[in-house]
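# Observations on chain architecture
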Amino acid sequence: MTFPAPARDLAVLLTRVAVGLVFLAHGWQKLFTNGIDGTAAFFDQAGVPAASAAAWFAALVELVGGAALVVGLALPVAGLLLLADMAGAFVFVHAGAGLFVEQGGAELVLTLGAAALVLAVLGAGRFSVDHLLAGRHRTAQPVGS
């Protein structure tokens with residue numbers, strides 16, 4: 001069964017907004033709730049190399065990348081950067097803790113990383129800044145066409 005293009009674009013929009021808000025909240029938490037120093041201390045304790053630089057990378061990628069997902073801007077770049085961020089979280093923090101998040105497991109980072117990858121590959125869809133910027137200069141294809 002194939003859904004019509006407007007339904008696919010609406011599904012991409014809803015997914016972008018939901019996943020983007022989660023990333024944005026985690027980036028905000030790293031920057032303003034825990035602070036970069038607190039985030040870097042946690043990263044250092046977890047064995048993340050260059051913990052301070054990694055804390056800045058994670059905080060900014062999650063905050064800016066999350067916002068980019070919400071509005072649908074530069075989806076391939078934002079999605080791949082968020083995937084890289086989640087790969088780092090998986091390798092350095094969650095891989096050895098099983099699957100379930102309440103035990104420190106990888107379910108959240110796996111889900112967010114997979115969603116970021118799918119959005120990077122599919123693009124932002126018709127209801128996005130990317131689509132508006134593409135304008136009428138080229139024929140924009142709906143997601144999944």
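For the structure given in this document, a descriptive report is provided here. In this numbering scheme, every chain counts its residues from 1 along its sequence in written order. With the structure being a predicted model, the display of local features is reserved for residues of pLDDT at least 70 and the display and counting of side-chain atom pairs for 80 or more, all residues being used for whole-chain, interface and lining totals. The basis for every side-chain value is the complete set of heavy atoms in the structure, and neither hydrogens nor water enter the calculation.

So, on to the packing of aromatic side chains. Only Phe, Tyr and Trp rings take part, Trp by its six-membered ring, and two of them pair if their centres are within 6.5 Å. Stacked means planes under 30 degrees apart, edge-to-face means over 60, and tilted covers everything else. Evaluated as defined, the whole model comprises 2 aromatic pairs. With a centroid separation of 4.3 Å and 45 degrees between ring planes, the pair formed by W28 and F32 is classed as tilted. One end of the pair is W28 and the other is F32, both in helix 1 (residues 5–33) and 4 residues apart, which spans about a single turn. Three labels apply to residues, based on accessible area from a 1.4 Å probe with only protein chains included: buried if under 20% of the type maximum, exposed if over 50%, partly exposed otherwise in between. You can call F32 exposed: its relative accessible area is 52%. Ring plane angle 55 degrees and centroid distance 6.2 Å describe the contact between F42 and F43, whose orientation is recorded as tilted. Relative accessible area serves as the criterion here: at 43%, F42 is assigned to the partly exposed category. The class for F43 is buried, based on a relative accessible area of 11%. Under the DSSP-based scheme used, a helix requires at least four consecutive residues in state H or I and a strand at least two consecutive residues in state E, with every element numbered from the N terminus.

Side chains of nonpolar character tend, in soluble globular proteins, to be buried together. We call a set of buried residues a nonpolar core when its members are Ala, Val, Leu, Ile, Met, Phe, Trp, Tyr or Cys and they connect through side-chain atoms within 4.5 Å of each other. Counting residues in each nonpolar core, the largest one holds 16 residues, and the members touching the most others are V19, F23, L69, L82 and M86. Those elements giving two or more residues to this core turn out to be helix 1, helix 3 (51–71), helix 4 (75–94) and helix 5 (107–122). Residue contacts are defined here by distance: any two heavy atoms, one from each residue, within 4.5 Å place the two residues in contact. Ignoring anything within four residues of it in the chain, the contact list for V19 reads L69, L112 and A115. The next biggest cluster of nonpolar side chains, apart from the first, holds 11 residues, and it includes L31, I36, A55 and A58.

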